[in-house]
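Chain residues, written in single-letter form:
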Amino acid sequence: MTNQAPSSPGTMWGGRFDSGPVELMQRINASHPFDRKLWQQDIRQSRAHAEMLKGQGLISASDHQAIVEGLTQVEAEIASGAFSWSDELEDIHMHVEHRLTEIAGPAGKRLHTARSRNDQVATSMRLWVRDTLDQLDAGLRALQSALLDHADRHAGSIMPGFTHLQPAQPVTLGHHLLAYVEMLDRDRGRIRDARDRLNECPLGAAALAGTPFPVDREETAQALGFRQPMRNSIDAVSDRDFVLEVLSTAVIAAVHLSRLAEELVLWSTPAFGFVSLPDAFSTGSSIMPQKRNPDAAELVRGKSGRILGAFVAIATVLKALPLAYAKDLQEDKEPLFDAADALAVSVAALTGMMEALSFNTAAMRAMAEVGHPTATDLADWLVSKAEMPFRDAHAAAGRAVRLAEERSCRLDELSLSDLQSVVPEANADVFDVLGIEASLGRRTSAGGAAPALVRLAAAAARARLT
């Protein structure tokens, strides 16, 4: 049968009404411009529902065959772009059913037996979110892998560790990047947690109270890969906390990506000069020929606010909704879809940048010498060698820093006599701990920045990925 323009939706829900909605109502009511993203999930669950109906003797084998063949044709039409869309049919679910009925005739009208759009929408949403979480997890894993490549390569490359954006203590670039690997590990853990919690099937809850038909909810849940049917029919159709949980997970991941993006922005400035961003992820200026702008990193940073806005929007929609279903829940889709797209492109952009950028380790090493970063090592030496209380050692190291600033030199460039003038307990052995390499080599506590530990940590992280 050739594809036809959709007709009036009266065959779907119009029996109660004398006339159809006005054009403005159709426009505010229609969700197919955005919820058509669910078409694959809708067809997938419709196949499972039809199979169950046949197995329970609720539709005949011939009707089932006509439905399955019709759904295959609808699937092909949507995939090819040949499908016709109309505001009169509201959403993706009514579009699929209407076109199926055009193809399969009366058999198509039997598909909605023991099913409501309420449980149909909720099931499609959970299927889509589950698929999206799997893709996001794979994307974050690829970003971790790119970070680990640099961490392996730069396990011993010295850079300043910062607090308050001030040089604090020496670390290595590998150690710094492994911090992001750990953050992304937690993000992926939250993804797995959220996926497990949402992996229950609403199908069979019908409008809100269940159905008198002898449906087999276990069968459809299993066919769709869900762990089990949802236990309460009202909760099944009205719950959207899985959307909130996924968005909260997305917000935290986006914040982590934003922090990494911000560092790439800072590090690419002449003031830092730590990194050269690849041409593929940089732009120029329309007026200043010399400019090289880190636009991709800035956009990742900006999209975190957009994703947070999606969470706030949906939380606001849900906060005052009585049970069970209300049309307000239609507003869950656009923010969710937008946030998922924004996070996916952010992950992909950062992964591409990390795979292609190069680090200026000489500039990092030079800045690591700034600001007397081994002052804490001096204090620690006084505690361990001179048995000085740490607070007294802290004050003594502060006096040494002030002297070095007056001499315009590093701590390890002070003469022993100069150092002893403010720290009488010092002896020649103290210079063994005042160099950058010595400081790093002594950071051997679990999770510390010693290069040997960084290499072990990178190897362990790589093993977790595989």
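Because the structure is predicted, anything quoted here is derived from the model rather than measured.

**Examining the overall build of the chain**
Link 1 in the chain: When you go through the chain residue by residue, the secondary structure sums to 20 helices and six strands.
Link 2 in the chain: Its C-alpha radius of gyration of 31 Å places the chain more than 25% over the 23 Å reference for a compact globule of 466 residues.
Link 3 in the chain: Buried positions account for 49% of the 466 residues belonging to the chain.
Link 4 in the chain: A sequence separation of at least 24 residues applies to 75% of the contacts in the chain between residues at least 6 apart.
Link 5 in the chain: Surface summary for the chain: the accessible area is close to 21300 Å², and the carbon and sulfur share equals 53%.
Link 6 in the chain: Between the centroid of the 47 positive side chains of the chain and the centroid of its 60 negative side chains there is a distance of 1 Å.

**Remarks on the pairing of strand β1 (residues 158-163)**
Link 1 in the chain: One ladder, built from six bridges, connects β1 with strand β2 (residues 166-172); its direction is antiparallel. Bridge pairing links Met159 to Val171 in β2.
Link 2 in the chain: Taken together, β1 and the strand that follows it, β2, pair antiparallel across an intervening segment of two residues, in which His164 is found at a positive phi of about 55°.

**A word on the nonpolar core**
Link 1 in the chain: Grouped together as the largest cluster of nonpolar side chains are 96 residues, with contacts concentrated most on Leu147, Trp267, Leu336, Leu343, Leu350, Met354 and Phe359.
Link 2 in the chain: By residue number, the principal contributor to this core is helix α12 (residues 241-267), which donates 15 residues.
Link 3 in the chain: Setting aside chain neighbours within four positions, we find Leu343 in contact with Leu136, Ala250, Ala253, Ala254, Leu257 and Ile307.
Link 4 in the chain: Counting residues in hydrophobic clusters, the runner-up holds 23 residues, among them Ala375, Met388, Cys409 and Val423.

**Focus: the packing of aromatic side chains**
Link 1 in the chain: Tallied over the full model, the rule gives six aromatic pairs.
Link 2 in the chain: Centroid distance Phe272 to Phe274: 5.3 Å. Interplanar angle 90°. Geometry classified as edge-to-face.
Link 3 in the chain: Residue placement shows Arg126 over the ring face of Phe242; its charged tip is 4.3 Å from the ring centre.

**Description of helix α15 (residues 361-368)**
Link 1 in the chain: Among all positions of α15, only Ala363, Met364, Met367 and Ala368 are buried. Take α15 and look down its axis: the buried residues cluster within an arc of 140°, on one side only.
Link 2 in the chain: Among the residues of α15, the N-terminal cap falls to Asn360, whose side-chain oxygen and the backbone nitrogen of Ala362 are separated by 3.2 Å.

**Some details on the packing of helix α9 (residues 173-198) against α12**
Link 1 in the chain: Close contact between α9 and α12 brings their axes to 9 Å; oriented N to C, the two are set at 165°. Put simply, α9 runs roughly antiparallel to α12. As α9 runs across α12, the sense of the crossing is left-handed. Across the interface between the two elements, Leu173, His176, Tyr180, Met183, Leu184, Asp187, Arg190, Ile191, Ala194, Arg197 and Leu198 of α9 pack against Phe242, Glu245, Val246, Thr249, Ile252, Ala253, His256, Leu257, Arg259, Leu260, Glu263 and Trp267 of α12.
Link 2 in the chain: Class assignment for the residues of the contact of α9 with α12 results in 14 nonpolar, three polar and six charged.

**Some points on the pattern of salt bridges**
Link 1 in the chain: Throughout the structure, instances matching the rule amount to 32 salt bridges.
Link 2 in the chain: In this structure, Glu245 engages Arg197 in a salt bridge whose closest nitrogen and oxygen atoms are separated by 2.6 Å. Residue Glu245 is found in helix α12, and its partner Arg197 is found in helix α9; the two are separated by 48 residues along the sequence.
Link 3 in the chain: According to the relative accessible area criterion, Arg197 is partly exposed, its value standing at 48%.
Link 4 in the chain: Between Asp377 and Arg443 there is a salt bridge, with its nearest N and O atoms 2.9 Å apart. With Asp377 in helix α16 (residues 375-385) and Arg443 in the loop between α19 (436-441) and α20 (451-465), the pair connects residues that are 66 residues apart, well separated along the chain.

**Let's talk about the confidence of the model for the chain**
Link 1 in the chain: Looking at the chain as a whole, its pLDDT mean stands at 92, while 95% of the residues score no less than 70.
Link 2 in the chain: This model gives residues 1-11 a pLDDT under 50, and the stretch forms 30 contacts once residues within four places in sequence are excluded.

**Let's talk about the environment of Ala339**
Link 1 in the chain: Along the polypeptide, Ala339 turns up in helix α14 (residues 333-356).
Link 2 in the chain: Taking the C-alpha atoms as reference points, Ala339 and Phe213, separated by 126 residues in sequence, lie 38 Å from one another.
Link 3 in the chain: Excluding residues within four positions of it along the chain, Ala339 makes contact with Leu247, Ile307 and Ala310.

**Points about the side chain of Thr113**
Link 1 in the chain: Examined against the element boundaries, Thr113 turns out to sit in the loop between α7 (106-109) and α8 (117-153).
Link 2 in the chain: A polar contact of 2.7 Å, which involves the side chain of Thr113, links it to the backbone oxygen of Arg110.
Link 3 in the chain: Not counting residues up to four positions away in its chain, the partners in contact with Thr113 are His49, Leu53 and Phe213.

**Side note on a nonpolar patch on the surface**
Link 1 in the chain: A cluster of nonpolar side chains, namely Val22, Leu24, Met25 and Ile28, defines an oily patch on the protein surface of about 420 Å² accessible area.
Link 2 in the chain: Within the secondary structure layout, Met25 lies in helix α2 (residues 23-29).

**Concerning α8**
Residue pairs spaced three or four apart in an α-helix point in one direction, given the helix's 3.6 residues per turn.
Link 1 in the chain: Across its 37 residues, α8 extends 54 Å between first and last C-alpha, which sits within 8% of the 54 Å expected from 1.5 Å per residue.
Link 2 in the chain: Near the N-terminus of α8, the side chain that reaches the backbone nitrogen of Asn118, with its oxygen 2.9 Å away, is that of Ser116.

**Some details on the packing of α12 against helix α13 (residues 295-318)**
Link 1 in the chain: Interhelical geometry of α12 versus α13 gives an angle of 160° and a closest axis separation of 8 Å. Between α12 and α13, the interaxial angle falls into the category roughly antiparallel. Taken as a pair, α12 and α13 cross one another with a handedness that is left-handed.
Link 2 in the chain: When its residues are assigned to classes, the contact of α12 with α13 shows 20 nonpolar, three polar and three charged.

Cut-offs and rules
- Counting of residues starts from 1 at the beginning of each chain's written sequence and follows it residue by residue.
- The predicted origin of the model limits local features to residues at a pLDDT of at least 70 and limits the giving and counting of side-chain atom pairs to 80 or more, whereas totals for whole chains, interfaces and linings rest on all residues.
- In computing side-chain properties, one takes all heavy atoms of the structure into account and sets aside hydrogens as well as water.
- We count a stretch as a helix when DSSP gives it H or I for four or more residues in a row; a strand needs E for two or more, and each element gets its number in order from the N terminus.
- In this setup the radius of gyration rests on C-alpha atoms only. A globule is expected at 2.2 Å times the number of residues raised to 0.38.
- In this scheme, a residue with accessible area under 20% of its type's maximum is buried, one over 50% is exposed, and one in between is partly exposed, where area comes from a 1.4 Å probe on protein chains only.
- When checking whether two residues touch, look at their non-hydrogen atoms; a contact exists if any pair is within 4.5 Å.
- For the accessible areas, the method is Shrake-Rupley and the probe is 1.4 Å, while residue cover comes only from the protein chains on display.
- When charges are counted, Lys and Arg contribute as positive and Asp and Glu as negative, whereas His and the chain ends are disregarded.
- Throughout, a charge is located at the NZ atom of Lys, the CZ atom of Arg, the CG atom of Asp or the CD atom of Glu.
- Only strands that DSSP links by at least two bridges are regarded as paired with each other.
- Buried Ala, Val, Leu, Ile, Met, Phe, Trp, Tyr and Cys residues form a nonpolar core when they are joined through side-chain atoms within 4.5 Å.
- Centres within 6.5 Å are what make two rings of Phe, Tyr or Trp a pair, Trp counting through its six-membered ring; a difference in plane orientation under 30 degrees is then read as stacked, over 60 as edge-to-face, and the rest as tilted.
- When the NZ atom of lysine or the CZ atom of arginine is within 6 Å of a ring's centre and also within 35 degrees of its normal, the charge is said to sit over that ring.
- In this context, the arc is that of the directions from the helix axis out to the C-beta atoms.
- Any pair of N or O atoms that falls within 3.5 Å is considered a polar contact. Within protein, one atom must be able to donate a hydrogen and the other to accept it, and sequence-neighbouring residues count only if both atoms are side-chain atoms.
- Here, axes are lines fitted to C-alpha atoms. For helices the fit covers the stretch in contact, and angles between N-to-C directions go from 0 to 180 degrees.
- With respect to orientation, any angle under 35 degrees is reported as roughly parallel, any angle over 145 as roughly antiparallel, any angle of 65 to 115 as roughly perpendicular, and every other angle as oblique.
- Should the near helix be turned counterclockwise from the far one by less than a right angle, the crossing is left-handed, whereas a clockwise turn marks it as right-handed.
- Classification used: nonpolar for Ala, Val, Leu, Ile, Met, Phe, Trp, Tyr, Cys and Pro, charged for Asp, Glu, Lys and Arg, polar for all others including Gly.
- Put simply, a salt bridge is a Lys or Arg side-chain nitrogen that is within 4 Å of an Asp or Glu carboxyl oxygen.
- For every residue, the predictor reports its confidence as pLDDT, a number between 0 and 100.
- Residues forming no salt bridge and having over 30% relative accessible area are the ones grouped into patches, like charges within 9 Å of each other and nonpolar side chains (Val, Leu, Ile, Met, Phe, Trp, Tyr) within 5 Å.
- Multiply 1.5 Å by the residue count of a helix minus one, and that product is the helix's expected span.

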